[in-house]
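Observations on the model geometry
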Amino acid sequence: MGFIITFDHQLFLWIQYHCHNLFFDAVFPWIRHKQHWYPLYFLIGVFLLIKYRWTGLRMLLVAALCLLLSDNLSSKIIKPLVHRDRPCNDAVISTQFTPLIECGDGYSFTSSHAANHFAIAFVLCLFFYKKNKWLLIAGMLWAGTISFAQVYVGVHYPLDIMAGACLGIIVALSLQLILNKYFARYFIIP
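The residue count restarts for each chain, going from 1 along the sequence in the order it is written. The predicted nature of this model means local features are confined to residues of pLDDT at least 70 and side-chain atom pairs, given and counted, to a pLDDT of 80 or more, with totals for whole chains, interfaces and linings taken over all residues. Side-chain calculation: all heavy atoms of the structure are included, whereas hydrogens and water are not.

**Here's the deal with the pattern of salt bridges**
- Only one rule defines a salt bridge in this text: a Lys or Arg side-chain nitrogen within 4 Å of an Asp or Glu carboxyl oxygen. Inspection of the entire model under this criterion finds two salt bridges.
- A salt bridge links Arg84 to Asp8; the shortest N-O distance between them is 2.7 Å. On the criterion of sequence distance, the pair formed by Arg84 in the loop between helix H3 (38-82) and helix H4 (112-128) and Asp8 in helix H1 (residues 2-18) is long-range, its members being 76 residues apart.
- Accessible area is worked out with a 1.4 Å probe on protein chains only. A residue is then buried under 20% of its type maximum, exposed over 50%, and partly exposed in between. Owing to a relative accessible area of 12%, Arg84 belongs among the buried residues under this scheme.
- We classify Asp8 as buried; its relative accessible area is 3%.
- Residues joined by salt bridges that share partners form a network here, namely Asp8, Arg84 and Asp160. Only runs of H or I of at least four residues qualify as helices and only runs of E of at least two qualify as strands under DSSP, and these elements are numbered from the N terminus.

See below:
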């Protein structure tokens, strides 16, 4: 386990030393704020409701449930159990880089941003996977960019992001498997 933590610290510092540039310094702090994505969520919701009506409403309810599960598992169960400090709050690591945003309190593992965005992207993309396989790739790139921004600004380690992404995908996939087994006829896209 010590090797994994050491590698995680080194990868974090490598990103801090070698990936920063003026463009990313301006863009990534903006990208990581969930409030900036509310208009997109609203447009997705409107699209689903207009195009698919009751099926679209059920999709939105599933996405909301997925978000609720991933967020609570990450922030209320895993973070309190693991107690991992954020890089910007770590006594040793924080002296080796300058965070781009205010650090805040709370624990680092797992990243709730990663868990939540991957859960939303994955569960919504699975609804459309048979007709539009490219949406899954686009959704994962979108969630991955937001998650990487968390490392870039200095509030999460790469392992926090990877674990959060896995958590979000597992929650979305589990929920989708349950839906397909028991409620498939309610989520068929006309």
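**Comments concerning helix H2 (residues 22-31)**
- Considered for burial, the residues of H2 that qualify are Phe28, Pro29 and Ile31. Summarising the axial view, the buried residues of H2 lie within an arc of 155°, below the 170-degree limit, and thus occupy one face. Of the residues in H2, the exposed ones pointing more than 90 degrees away from the buried face are Leu22, Phe23 and Ala26.
- In the core, the buried residues of H2 are packed alongside helix H5 (134-153).
- N or O atoms closer than or at 3.5 Å make up a polar contact, with two conditions inside protein: a donor-capable atom paired with an acceptor-capable one, and, for residues adjacent in sequence, both atoms drawn from side chains. Between the side-chain oxygen at the start of H2 and the backbone nitrogen of Phe23 there is a gap of 3.0 Å, and the oxygen is on Asn21. As used here, the arc is the angular range of directions from the helix axis to the C-beta atoms. We call two residues in contact when some of their heavy atoms are within 4.5 Å.

**A word on the nonpolar core**
- Take the buried Ala, Val, Leu, Ile, Met, Phe, Trp, Tyr and Cys residues and link them wherever side-chain atoms come within 4.5 Å; each set so joined is a nonpolar core. Ranked by size, the top nonpolar core spans 47 residues in total, and within it Phe12, Cys66, Val123, Leu124 and Phe127 carry the most contacts.
- Of all elements in the fold, only H1, H2, H3, H4, H5 and helix H6 (158-182) reach the threshold of two or more residues within this core.
- Looking at which element gives the most residues to this core, the answer is H4, with twelve residues.

**Quick notes on the packing of H4 against H5**
- With axes taken as lines fitted to C-alpha atoms, and helix axes fitted only over the stretch in contact, angles between N-to-C directions fall between 0 and 180 degrees. Where H4 contacts H5, the two axes come as close as 9 Å, and the packing angle between them is 175°. Considering their axes alone, H4 and H5 lie roughly antiparallel with respect to each other. Packed against H4, whose contacting residues are His113, Ala114, His117, Phe118, Ala121, Phe122, Cys125 and Phe128, the element H5 presents Leu135, Leu136, Gly139, Met140, Trp142, Ala143, Gly144, Ile146, Ser147 and Gln150 at the interface.
- Of the residues contributing to the contact of H4 with H5, the split by class is twelve nonpolar, six polar and no charged. Each angle receives one of four descriptions, namely roughly parallel if under 35 degrees, roughly antiparallel if over 145, roughly perpendicular if within 65 to 115, and oblique otherwise. We call Asp, Glu, Lys and Arg charged. Ala, Val, Leu, Ile, Met, Phe, Trp, Tyr, Cys and Pro are nonpolar, and the rest, Gly among them, are polar.

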